[in-house]
Amino acid sequence: MSDARATSLSREGGGTLTDAAYDALRVDIIRGLRGPGERLRIERLKALYGVGPTPLREALQRLSADGLVAASGNRGFSVASLDAAEFIDLNIARTALETQALRLSITNGDDLWEAGVVSAAYRMAKADTTLMSDGGASIDAWEGMNEMFHLAMVAACGSDWLLRVRKRLHDQCERYRRAALDRRRGARDLRAEHAAIADAVLARDVERALDLTKSHFDATVETLSGRAAR
């Protein structure tokens, strides 16, 4: 979302202005349009997003609770920084939830779920190929497809709570993943990694699917931090 487009925010959607401000800021922070450490001054945000100060403050409080924004007393709000140690910690939590959800999904999944996995794997392969060939212009589309791919793997886990908590960790990790992709684009064969995960899932090979997923997540941490995830 560009700053110019953001100014129409207050006239779009059916939710409250706070919801609209929250959604727009969240997307811009995750995508890096509001960079790590950036001061989020209310007056500037009013001009950028076309929303009044009260909805913006409420949205920033919610984003602070999510860990995407830092609140600092009299200094107000700023975008949360990126920290390698925190990413390692996030990855531990994300991997634990993802692998549990994946185990349940492989156990519970039916033919319709399998069809969803096949479809997601096909689209992910196309997105991976495009990302590696276009200099990063497709990163937003790739992120959307990456989210859909991993969600398809765990969609049959049977726990809405597990999926909700997983989504929050996914959003946190996306900020770091984008930085990792920018840093060493092409250093990994993402298409092969995703294909291997999908093949193991479709073969109902639980332990291999879990190991491949963990290695896939850990590789992103290693790319960004410069050292192996613990």
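Residues numbered from 1 in each chain as written. Predicted model: local features only at pLDDT ≥ 70, side-chain atom pairs only at ≥ 80, totals over all residues. Heavy atoms only, no water.

It is worth spelling out the overall build of the protein at this point. Looking only at helices and strands, one finds 10 helices and 2 strands in the protein. Within the protein, the fraction of its 230 residues that count as buried is 45%. Partitioning the contacts of the protein with sequence separation of at least 6, the portion at a separation of at least 24 is 75%. Total accessible area computed for the protein in this model is approximately 11200 Å², and 52% of it derives from carbon and sulfur atoms. (Helix = DSSP H or I, 4+ residues; strand = E, 2+ residues; numbered from the N terminus. Buried < 20%, exposed > 50% of the residue type's maximum accessible area, 1.4 Å probe, protein only. Contact = heavy atoms within 4.5 Å. Areas by Shrake-Rupley, 256 points an atom, 1.4 Å probe, with all protein chains shown as cover.)

For the rest of this paragraph, the subject is unusual backbone geometry. Here the phi dihedral of Arg 204 falls at roughly 60°; this positive angle occurs in a residue that is not glycine. Looking at where Arg 204 falls in the secondary structure, it is placed in the loop between helix H9 (190-202) and helix H10 (206-225).

The next thing to look at is H9. For H9, which comprises 13 residues, the first-to-last C-alpha distance of 18 Å matches the rise-based estimate of 18 Å (1.5 Å per residue) to within 8%. Of the positions making up H9, those classed as buried are Leu 190, His 194, Ile 197, Ala 198, Ala 200 and Val 201. End-on view of H9: buried residues confined to an arc of 165°, all on one side of the axis. Looking one or two residues past H9, Arg 204 carries a phi angle of roughly 60°, positive in sign. (Expected span 1.5 Å × (residues − 1). Arc of directions from axis to C-beta.)

The next thing to look at is the nonpolar core. For soluble globular proteins, the rule of thumb is that nonpolar side chains tend to be buried together. Ranked by size, the top nonpolar core spans 27 residues in total, and within it Leu 102, Ile 106, Phe 149, Met 153 and Val 201 carry the most contacts. Listing elements by their share of this core, those giving two or more residues are helix H5 (84-108), helix H6 (111-133), helix H7 (139-154), H9 and H10. Here this core gets 7 residues from one element, more than from any other, and that element is H7. Membership of the second largest hydrophobic core comes to 20 residues, among which are Tyr 22, Val 51, Leu 63 and Leu 68. (Core = buried A, V, L, I, M, F, W, Y, C linked by side-chain atoms within 4.5 Å.)

Along its 16 residues, H7 runs 23 Å from first to last C-alpha, staying within 8% of the 22 Å computed at 1.5 Å per residue. Within H7, burial applies to Ile 139, Trp 142, Glu 143, Met 145, Asn 146, Phe 149, His 150, Ala 152, Met 153 and Val 154.

Quick look at the pattern of salt bridges now. Side-chain pairing between opposite charges can occur once the charged atoms of the two side chains come close. This structure, assessed with the given rule, holds 17 salt bridges. Across the pair Asp 140 and Arg 178 runs a salt bridge whose closest N-O atoms are separated by 2.9 Å. Linking Asp 140 in helix H7 with Arg 178 in helix H8 (residues 160-183), this pair joins segments that are 38 residues apart in sequence. Overall, Arg 178 belongs to the buried group, its relative accessible area being 7%. (Salt bridge = Lys/Arg side-chain N within 4 Å of Asp/Glu carboxyl O.)

This part is about the confidence of the model for the protein. In this model, the protein carries a mean pLDDT of 87, and residues with pLDDT of at least 70 account for 87%. Taken as a whole, residues 1-8 scores under 50 in pLDDT and shows 15 contacts with residues more than four places along the chain or in a different chain. Low pLDDT (under 50) marks residues 10-14, which in the prediction has 4 contacts with non-local residues, meaning those over four places away or in another chain. (pLDDT = per-residue confidence, 0-100.)

The tally for this structure, following the rule as stated, stands at 1 aromatic pair. Ring geometry for Phe 87 against Tyr 176: centres 4.5 Å apart, planes inclined by 10°, an arrangement best described as stacked. On the criterion of sequence distance, the pair formed by Phe 87 in helix H5 and Tyr 176 in helix H8 is long-range, its members being 89 residues apart. You'll find Phe 87 and Tyr 176 in the same group, each marked buried. One residue, Arg 164, lies across the ring of Trp 161, its end atom 4.4 Å from the ring centre. (Phe/Tyr/Trp six-rings, centres within 6.5 Å; stacked < 30°, edge-to-face > 60°. Lys NZ or Arg CZ within 6 Å of the ring centre and 35° of its normal.)

So, on to the side chain of Arg 175. You can see Arg 175 is positioned in helix H8. Notably, Arg 175 is buried but unbridged: the nearest opposite-charge side chain belongs to Glu 86, and the N-O separation is 5.8 Å. Separated by 2.6 Å, the side chain of Arg 175 and the backbone oxygen of Ala 80 make a polar contact. (Lys, Arg positive; Asp, Glu negative; His and termini not counted. Polar contact = N/O pair within 3.5 Å; in protein donor to acceptor, adjacent residues only side chain to side chain.)

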